[in-house]
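Understanding the architecture of this molecule
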Amino acid sequence: MDDIFLLNQLTKSFFNLFTNTNGKKPDFESIHDICLNETIIIKKDKGNEEIYTLDSFITPRKRILTDGTLTEFEEYEVNEETKIVNNIAQRFSKYQKHGYLNGNYFEGNGTKFFQYVKTAKGWKINSVIWEDENI
């Protein structure tokens, strides 16, 4: 299959990990199928950075997406630029998100950068960094 198609699917799978709209149950464990075990995930917010491993990233999200804190949540890519060089790739991704946090509707958007590596088992995410835009 075409590498750009595979990276599109991989990125869509990452965004879909956290969707809980229309009674959908997030498939948190599939993060281990689409990411390397050593993947680093960073949230940038003004002067601060939150740096996560896969487990430290997924644990709090699993809680809030299943305990009623964050409902009808969906995050999705609206624009992207992907550069592939042999067996490595990088993607600039603009995203939007919406849902109910503690019963209050919100919308947001931001930027993510993904890095990928083509392994013997196919393309995997090896890093994600994102920053939400102030609305």
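Residues numbered from 1 in each chain as written. Predicted model: local features only at pLDDT ≥ 70, side-chain atom pairs only at ≥ 80, totals over all residues. Heavy atoms only, no water.

Turning our attention to the nonpolar core. Ranked by internal contacts, the top residues of the largest apolar core, which has 26 residues, are Phe14, Phe18, Ile31, Phe57, Tyr116 and Ile125. Looking at this core, the elements with two or more residues in it are helix 1 (3-16), helix 2 (31-34), strand 1 (35-45), helix 3 (54-66), strand 3 (70-85), strand 4 (88-101), strand 5 (104-119) and strand 6 (122-132). Look past the residues within four positions of Ile125 in its chain and what remains in contact with it is Leu10, Phe14, Ile34, Cys35, Leu36, Thr39, Phe114, Gln115 and Tyr116. (Core = buried A, V, L, I, M, F, W, Y, C linked by side-chain atoms within 4.5 Å. Buried < 20%, exposed > 50% of the residue type's maximum accessible area, 1.4 Å probe, protein only. Helix = DSSP H or I, 4+ residues; strand = E, 2+ residues; numbered from the N terminus. Contact = heavy atoms within 4.5 Å.)

The next point concerns the sheet that holds strand 4. Strand order in this open sheet of six strands is 2-1-6-5-4-3, and the pairing throughout is mixed. Edge positions in the open sheet fall to strand 2 (48-52) and strand 3, since each of these has one partner strand only. Pairs of neighbouring strands in the sheet enclose a mean axial angle of 20 degrees, with direction left out of account. In this sheet, strand 5 lies alongside strand 4 in antiparallel orientation, the contact comprising 14 bridges. (Pairing = 2+ DSSP bridges. Axes fitted to C-alpha atoms, helices over the stretch in contact; angles between N-to-C directions.)

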